[in-house]
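Working through the structure, step by step
Each chain is listed here by its residues.
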Amino acid sequence: MAVSQQVFLRDAMRRLNLTRDIFAARIGVKRRALDTWLLPEASQEFRGMPEVVQRFVTEIVENELLLAKYAQSAQSGPLRDRIATNGKHQLLSVEQFTRESVEELFSVADIMQPIARRQKVSRVLEGAVLGNLFFEASTRTRVSFGAAFCRLGGSVCDTTGFTFSSMAKGESIYDTSRVMSGYVDAMVIRHPEQGSVAEFARATNIPVVNGGDGAGEHPSQALLDLYTILTEFSRLGKLLDGAHIAVTGDLKYGRTVHSLVKLLALYRGLKFTLISPPGLEMPAEIIEQIARQGKHVIEQYHSLEEGLKDADVIYATRVQKERFSDEQLEGYTADFQVSKEVVDRCCAPDAIVLHPLPRDSREGAHDLSTDLNHDPRLGIFRQADNGIPVRMAIFAVLLGVENLVQHSMRDVTWSPPSHIGPEDAVFHGMY
Ligand code: ASP
């Protein structure tokens, strides 16, 4: 098999749009057996999948694809051409994706998992240099983009904040972008102004990735959020179509939720409950964009309890005080805090709680509470960890090396820990 059995099976389930239970029934095996084939190889419970199953699954998927081909003209060409924007291999907005192309990107992310879990190394980007240009605070996005590039064999140069870049001397975005293009092979840019990353992108032909442009978009975060939801749903035996997604917090300035709801809208029959304090509602144009598609229910609330009722996913966000202009609000009141007690009371035991992070843990911030920290429903660290395989997939696709990764992998020479954090039941074995 060209890919690992886990990648193969996850891809098959996604293409067939089947839950684990239904997929197991369709191929005539016990759900428990399927679960053991999907575990990471390092897990004690892992089992090899019989070859006859592989042949059978391949046949089912191929038949399905053949039918789909007659129903709609098949997509063709490299993924980076299909998601290109203005003819360039750049990632500026989630609007560049269709459901098919986003799932194709996730198959590449699945291939990256053994590298992200420190079992394998690859050098497909050897010699390539990433320019990480962050003009706003960042921990996860900056480090995980850098680490993702390094784990593919590339190296990283970065500049942080305005103070230490020539923008402090009045240099324009155009000049900065053009100059950087002569030094590096791809750029990730974070900037406080909406639309500024697109301006950087216009001045260069090298791949540019939007790492967050003001209150605009944060496409790589939304991609890893969606990847997390699909992975967690697979473990829980749920499908995304028809799910209830509750998004809470600062929906006005939170760029992660702007990107996420647009991306989720590629699925079918979702119920969105948009819960925010008065004055921090989701921008009307985004709501209208989703409503126009006519396939989702959208409800707006100012009460956490009402909006969370029976949610499958609770996506909490931080108050983006740094973007406030004339808002009176200081922060969340206690009744906006997503706590264990509220989640227990409002949602089923298989709900998942996500947050793009950072959460504000200071006294009185009332952001996502820490009392869910050891609760398996809290997916925030698995979500943050997924930043690596998803961002590796973004680079591999934009630089056109995604088909080289599988054969380039070698075993690591060091001994990584099997549990990277105290709350990892199995290091991502909740697969
Ligand atoms: N890290 C995310 C962002 O850069 C979320 C946040 O800052 O609240 O948008």
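Not measured: the values here are computed from a predicted model.

**As for the pairing of strand β4 (residues 186-191)**
For β4, a buried count of 6 out of 6 residues is recorded, marking the element as mostly surrounded by other parts of the structure. Residues A186, V188 and R190 of β4 are buried on one face, and the alternating residues M187, I189 and H191, pointing to the opposite face, are buried as well. Examined bridge by bridge, strand β2 (residues 129-134) and β4 share 5 bridges and lie parallel to one another. Paired with G131 across the two strands is M187, which belongs to β4. Across 4 bridges, the pairing between β4 and strand β5 (residues 208-213) is parallel. Bridge pairing in β5 links V188 to V209. Read from β4 through helix α9 (residues 196-202) to β5, the crossover connection turns out right-handed.

**Considering helix α16 (residues 387-398)**
Between its terminal C-alpha atoms α16 stretches 16 Å, which fits the 16 Å expected from 12 residues at 1.5 Å a residue. Within α16, 12 of the 12 residues are buried, leaving the element largely enclosed by the surrounding structure. What α16 keeps buried is the set G387, I388, P389, V390, R391, M392, A393, I394, F395, A396, V397 and L398. After α16 finishes, the residue G400 shows a positive phi value of roughly 70 degrees.

**Some remarks on the sheet that holds strand β8 (residues 297-301)**
Across the sheet, 5 strands lie side by side as β8-β7-β6-β9-β10; this open sheet has parallel pairing. For this open sheet the edge positions go to β8 and β10 (352-354), each flanked by a neighbour on one side alone. Averaged over all neighbouring strand pairs, the angle between strand axes comes to 15 degrees, with direction disregarded. Two elements, strand β7 (residues 271-275) and β8, share 5 bridges in a ladder whose sense is parallel. Looking across to β8, one finds that F272 is bridged to I298. Where helix α12 (residues 284-292) meets the sheet, its contacts fall on β7 and β8, and the angle it forms with β8 comes to roughly 155 degrees.

**Some points on the nonpolar core**
In terms of nonpolar packing, the biggest core is built from 70 residues, with L105, L223, L226, L240, L264 and F395 touching the most fellow members. Sequence-distant contacts of L223, that is, excluding residues within four places in its chain, are made with L91, F97, V102, L105, F106, L263, V390 and I394. Membership of the second largest hydrophobic core comes to 26 residues, among which are I314, F324, Y332 and L378.

**A few points about the sheet that holds β4**
For sheets, the rule is that strands pair by backbone hydrogen bonds, running either parallel or antiparallel. Taken in spatial order, the 4 strands of this open sheet run β3-β2-β4-β5, and their pairing is parallel. Both outer strands of the open sheet, β3 (155-160) and β5, are each paired with one neighbouring strand and no more. Neighbour to neighbour, the strand axes of the sheet diverge by 10 degrees on average, direction disregarded. Where helix α7 (residues 140-151) meets the sheet, it contacts β2, β3, β4 and β5, and its direction lies at approximately 180 degrees from that of β2.

**Examining the packing of aromatic side chains**
Ring pairs (aromatic) are described by centroid distance and by the angle formed between their planes. Scanning the model with the defined rule gives 7 aromatic pairs in all. Ring geometry for F135 against F200: centres 6.2 Å apart, planes inclined by 20 degrees, an arrangement best described as stacked. Taken together, the residues F135 in the loop between β2 and α7 and F200 in helix α9 connect sequence positions 65 residues apart. By the burial criterion, F135 is buried, and F200 matches it. On the basis of an interplanar angle of 65 degrees and a centroid distance of 5.5 Å, the ring pair of F145 and F395 is categorised as edge-to-face.

What counts, and where the lines are drawn
- Residues numbered from 1 in each chain as written.
- Predicted model: local features only at pLDDT ≥ 70, side-chain atom pairs only at ≥ 80, totals over all residues.
- Heavy atoms only, no water.
- Buried < 20%, exposed > 50% of the residue type's maximum accessible area, 1.4 Å probe, protein only.
- Helix = DSSP H or I, 4+ residues; strand = E, 2+ residues; numbered from the N terminus.
- Pairing = 2+ DSSP bridges.
- Right-handed = clockwise from strand over helix to strand, strands pointing away.
- Expected span 1.5 Å × (residues − 1).
- Axes fitted to C-alpha atoms, helices over the stretch in contact; angles between N-to-C directions.
- Contact = heavy atoms within 4.5 Å.
- Core = buried A, V, L, I, M, F, W, Y, C linked by side-chain atoms within 4.5 Å.
- Phe/Tyr/Trp six-rings, centres within 6.5 Å; stacked < 30°, edge-to-face > 60°.

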